[in-house]
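Structural features, examined
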Amino acid sequence: MHAIETLELTKKFGSTVAVNKLNFEVEEGEIFGVLGPNGAGKTTTIRLLTCLLAPSSGSAIVGGFDIIKDSIRVREIVGVQTENPSLYERLTAYENLDFFAEAYNVSGEQKKRRIRELLEFFGLWEFKDKKVGTFSRGMKQKLSIARSLVHDPNIIFLDEPTSGLDPESAREIKDLMKSLSKQGKTIVFSTHILGDAEKLCNRVMIINKGKKIALGALEELLSNTNKKILKIALRKLDQKIIDAIKCFKQVKEISVDNSTSTVSVVLNDSEEVTPEIIKSVVLNGGLILSVNVANQSLEDVYLRIVRGNNVENQ
Amino acid sequence: MRINKVILIFKKDWREIRRNWQILLPIFVIPFMISVLLPMFILSTPSIISMPASSLAGIENLMKNLPKNIQTEIKEMNIQQALIYIMLQYFIAPFFLVIPIMVSDVIASDSFAGEKERKTIEALLATPISDDELFMGKVLVAFIPAVIATTVSFLLYSFVVDLYSLRLLNGKLILPNLTWLLLVFCLSPTVALTSIGLTVTISTKVKGFREAQQISAGITIPILFMLIFGQVMGIVILGPQMIVFLTISFLVANFFLFSIGISLFGREEILSKLV
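A few words now on the nonpolar core. I4, F122 and L143 of chain A together with L88, F96, W180 and L183 of chain B are the most contacted members of the largest nonpolar core, which has 154 residues in total. Among the elements that line this core, the one with the most residues is helix α9 (residues 131-168) of chain B, at 12 residues. Not counting chain neighbours up to four residues away, the residues in contact with W180 of chain B comprise L88, Q89, I92, A93, F96, F154, Y157 and L175 of chain B. Core analysis: the second largest hydrophobic core is formed by 15 residues, I245, V263, I277 and I278 of chain A among them.

Attention now moves to helix α2 (residues 21-44) of chain B. Taking the largest bend as the criterion, α2 of chain B deviates by roughly 40°, centred on M33 of chain B. Those residues of α2 of chain B that fall on the buried side of the exposure criterion are I23, L24, P26, I27, I30, P31, I34, S35, V36, P39, I42 and L43 of chain B.

If you look at the interface, chain B gives 26 residues, while chain A gives 29 residues. Note on chain B versus chain A: buried area summed over both sides is about 2700 Å², and carbon and sulfur give 59% of it. The largest per-residue losses of area from chain B upon contact with chain A belong to R19, E122 and P128 of chain B, which jointly make up 24% of the total buried on that side. Our count for the contact surface shared by chain B and chain A stands at three salt bridges. Between R15 of chain B and E95 of chain A there is a salt bridge, and its shortest N-O distance comes to 3.7 Å. Our enumeration of links across chain B and chain A arrives at nine residue pairs in polar contact (both at pLDDT 80 or more). Of all elements in the fold, only α1 (3-18), α8 (121-125) and α13 (267-272) of chain B reach the threshold of two or more residues within the side of chain B that touches chain A. Take the side of chain B that touches chain A: its biggest share by element is six residues, from α1 of chain B. Among the residues forming the side of chain B that touches chain A, the class breakdown is 10 nonpolar, four polar and 12 charged.

Basis of the calculations
- Residues numbered from 1 in each chain as written.
- Chains lettered and ligands numbered in written order.
- Predicted model: local features only at pLDDT ≥ 70, side-chain atom pairs only at ≥ 80, totals over all residues.
- Heavy atoms only, no water.
- Core = buried A, V, L, I, M, F, W, Y, C linked by side-chain atoms within 4.5 Å.
- Buried < 20%, exposed > 50% of the residue type's maximum accessible area, 1.4 Å probe, protein only.
- Helix = DSSP H or I, 4+ residues; strand = E, 2+ residues; numbered from the N terminus.
- Contact = heavy atoms within 4.5 Å.
- Bend = angle between axes of the 7 residues up to and from the residue.
- Buried area = accessible area lost by both parts, 1.4 Å probe.
- Salt bridge = Lys/Arg side-chain N within 4 Å of Asp/Glu carboxyl O.
- Polar contact = N/O pair within 3.5 Å; in protein donor to acceptor, adjacent residues only side chain to side chain.
- Nonpolar A, V, L, I, M, F, W, Y, C, P; charged D, E, K, R; others polar.

Spelled out as structure tokens, the structure:
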């Protein structure tokens with residue numbers, strides 16, 4: 001059984017289509033990344049799947065329950081870390097978790113044990129009696145994730161979980177996500193930090209303007225293209241050099257970083273053409289500081305797909 | 001509806017309110033002003049005691065419309081005693097409808113609109129607490145302080161008034177009496193519920209606390225002023241029968257108001273109003 005399955009899931013706000021006929025499945029125990037530019041529909045998708053919003057059309061099954069017919073049951077079995085920390089700042093860290101534990105039907109000794117476990121894990125136990133209003137952004141983010149786990153849900157939605165965290169805290173969160181996945185928990189998270197998605201996700205879905213534009217395992221998305229990136233750092237950039245590079249038919253894209261005098265060239269066949277390009281740069285008076293040929297990263301693939309989609313839409 | 005979830009919302013909100021002086025201050029100040037300062041002002045104003053007879057013409061209507069038992073009681077009093085007695089017994093009575101409304105209005109306005117402003121609403125709406133449980137939890141947290149504030153105000157007011165009456169009415173205690181008991185324990189909570197139901201519903205629809213407070217005050221205060229004005233002019237006298245009639249009317253209105261309020265409660269609309 002899939003942990004999550006959507007069927008033509010659509011959400012409209014007036015004439016704006018925020019989520020447009022999304023079809024995807026998330027397997028149990030999977031870490032599933034939802035990527036997309038600002039306003040792509042990532043948060044709306046999470047809000048639909050956590051029953052905060054009702055779909056305009058289409059449906060979804062989460063943990064075996066229909067998001068329209070069994071919204072209360074869905075809310076019971078999922079954990080949600082929202083875009084904003086959504087914490088009560090006049091209450092202490094302990095009081096916040098205590099309230100949400102009770103709201104999710106966790107009580108008595110089990111509740112006390114769970115709250116202690118989470119606060120200790122996130123290094124917040126010594127601050128349990130401090131009001132959340134006095135917490136740093138990182139501490140609030142950790143507490144917000146702790147809240148989403150207070151009832152030990154099997155499906156967890158995390159909206160930008162590492163956003164605004166220092167590198168150490170971000171690493172702790174990523175380690176936690178890996179550990180939860182090993183325990184069989186399903187994690188759906190949205191992020192704009194593509195490095196996080198690359199390190200954590202089994203599969204990713206890229207959405208733009210509410211539409212799914214790519215879905216698959218990371219290896220699949222990366223291997224769908226055999227393109228390589230040639231990066232040439234020069235002492236000084238010259239338009240003549242750029243024009244010379246553009247003349248090669250194997251060159252698919254070219255971008256220039258003036259601040260570092262670096263030319264990045266997307267190639268169809270790097271082995272054959274790289275020496276020729278280098279030769280051409282030198283012949284046009286270029287002083288080469290370094291040359292590097294690399295596979296495209298998820299970021300490169302993401303930008304290419306999103307830009308391509310934007311061009312198609314125009 | 002699960003009562004334990006309603007109480008859970010109440011407990012959480014009350015914890016927050018206890019630590020918020022902006023909300024707590026009116027809860028203490030308004031009842032104190034009405035129950036202690038207002039009667040003391042009336043009792044200590046020499047102009048009332050030595051009011052010329054011509055000034056009494058405006059309250060003749062009120063005196064004529066008083067219940068017979070009250071008329072019998074004031075027959076034995078001199079004019080100043082009667083005037084003060086009527087003021088304490090009748091003029092101030094509608095203000096005891098103002099207390100629960102003013103106290104609850106601050107809390108009820110903050111219920112959903114405050115959570116939107118502080119961006120805490122999304123996590124709350126994501127919990128498996130149902131719409132009616134959320135709504136009633138928010139109503140309860142405004143209702144209980146309002147009832148407590150009104151009761152405490154009544155006790156304070158009775159103390160102040162009886163101190164006066166012991167001295168000036170030959171040992172007679174004005175309060176408590178049936179009219180006031182019905183007013184404080186029947187009509188006042190019922191009116192408070194109407195105001196709270198209305199304000200909580202408004203709070204779900206608007207973006208911020210101030211907006212909710214202004215709209216609800218714009219609806220409830222004119223109604224209250226009509227009641228106070230009616231009482232002063234002798235048009236509506238809050239005697240036991242009138243209080244019972246109004247209590248039943250407000251109870252019926254509350255039934256419809258709460259049904260409408262819960263049916264209008266939409267998580268999606270609340271989220272769409274996030275600031």
